[in-house]
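Analysis of the macromolecular model
Residues per chain, in single letters:
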Amino acid sequence: MRAEKFRIWSAWMAGGIIWLIITNATKNIAIVSVITQALLVVLGILSTFAAVTMTNRLNRKAEAARKEVLGDW
């Protein structure tokens, strides 16, 4: 489970860095800059929500497996 969580959050970080680079590269172009900043905010919120949801599902899956192994039903 730790490896999957690491992959999720690594992908989230890499995507954020790529978007920041794109936004910085377009800061001198008037309308493109506004569009990329808006996309950065919207897609950042959506990707954060997706990453948190996937992490929570992995936590529930790990808890179920732990209970099954330990017999704590």
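First, a word on what this report is: a plain description of the structure on this page. (Residues numbered from 1 in each chain as written. Predicted model: local features only at pLDDT ≥ 70, side-chain atom pairs only at ≥ 80, totals over all residues. Heavy atoms only, no water.)

1. A short note on the overall build of the chain
Inclusion rule: The numbering of helices and of strands both runs from the N terminus, where a helix is a DSSP run of H or I of at least 4 residues and a strand a run of E of at least 2. Three exposure classes are used, based on accessible area relative to the maximum for each residue type with a 1.4 Å probe and protein chains only: buried under 20%, partly exposed in between, and exposed over 50%. Only heavy atoms matter for contacts: two residues are in contact if any of them lie within 4.5 Å across the pair. The accessible surface values rely on the Shrake-Rupley method and a 1.4 Å probe; as for residues, cover is taken only from the protein chains in view. We treat Lys and Arg as the positive residues and Asp and Glu as the negative residues; His and chain ends play no part in the count. Taken as the charge centre is NZ of Lys, CZ of Arg, CG of Asp or CD of Glu, depending on the residue.
Of the regular secondary structure elements, the chain holds two helices and zero strands. Counting all 73 residues of the chain, 12% fall into the buried class. Here the analysis covers contacts within the chain between residues at least 6 apart in sequence; of these, 58% occur between residues at least 24 apart. Counting every atom, the chain has about 5,800 Å² of accessible surface; 70% of that belongs to carbon and sulfur. Here the chain holds 9 positive side-chain charges and 4 negative ones, and the gap between their average locations is 13 Å.

2. Re the packing of helix 1 (residues 2-25) against helix 2 (residues 30-70)
For the record, the criterion: The angle between two axes is taken between their N-to-C directions and runs from 0 to 180 degrees, where each axis is a line fitted to C-alpha atoms and a helix contributes only its stretch in contact. What sets the label is the angle itself: under 35 degrees gives roughly parallel, over 145 gives roughly antiparallel, 65 to 115 gives roughly perpendicular, and the rest give oblique.
Between helix 1 and helix 2, the shortest axis-to-axis distance is 10 Å and the interhelical angle comes to 175°. It follows from the interaxial angle that helix 1 and helix 2 lie roughly antiparallel.

3. A closer look at the packing of aromatic side chains
To keep things clear, this is the line we draw: Working definition: rings of Phe, Tyr and Trp (its six-membered ring) pair if their centres are within 6.5 Å, and the pair is stacked with planes under 30 degrees apart, edge-to-face with planes over 60 apart, and tilted otherwise.
Evaluation of the coordinates by the stated rule reveals one aromatic pair. Between Trp-9 and Trp-12 the ring centres are 5.4 Å apart and the planes differ by 75°, which places this aromatic pair in the edge-to-face class. Placement of the pair is Trp-9 and Trp-12 together in helix 1, with a separation of three residues, close to one helical turn.

4. Observations concerning a nonpolar patch on the surface
As a reminder of what qualifies: Patch building starts from residues that exceed 30% relative accessible area and form no salt bridge, then joins like charges within 9 Å and nonpolar side chains (Val, Leu, Ile, Met, Phe, Trp, Tyr) within 5 Å. For salt bridges, the criterion is a side-chain nitrogen of Lys or Arg within 4 Å of an Asp or Glu carboxyl oxygen.
Together, Ile-29, Ile-31, Val-32, Val-34, Ile-35, Leu-39, Val-41, Val-42, Leu-43, Ile-45 and Leu-46 line one region of the surface with nonpolar side chains, adding up to about 960 Å² of accessible area. Turning to its location among the elements, Ile-35 is positioned in helix 2.

Any functional reading would require information beyond the geometric quantities listed.
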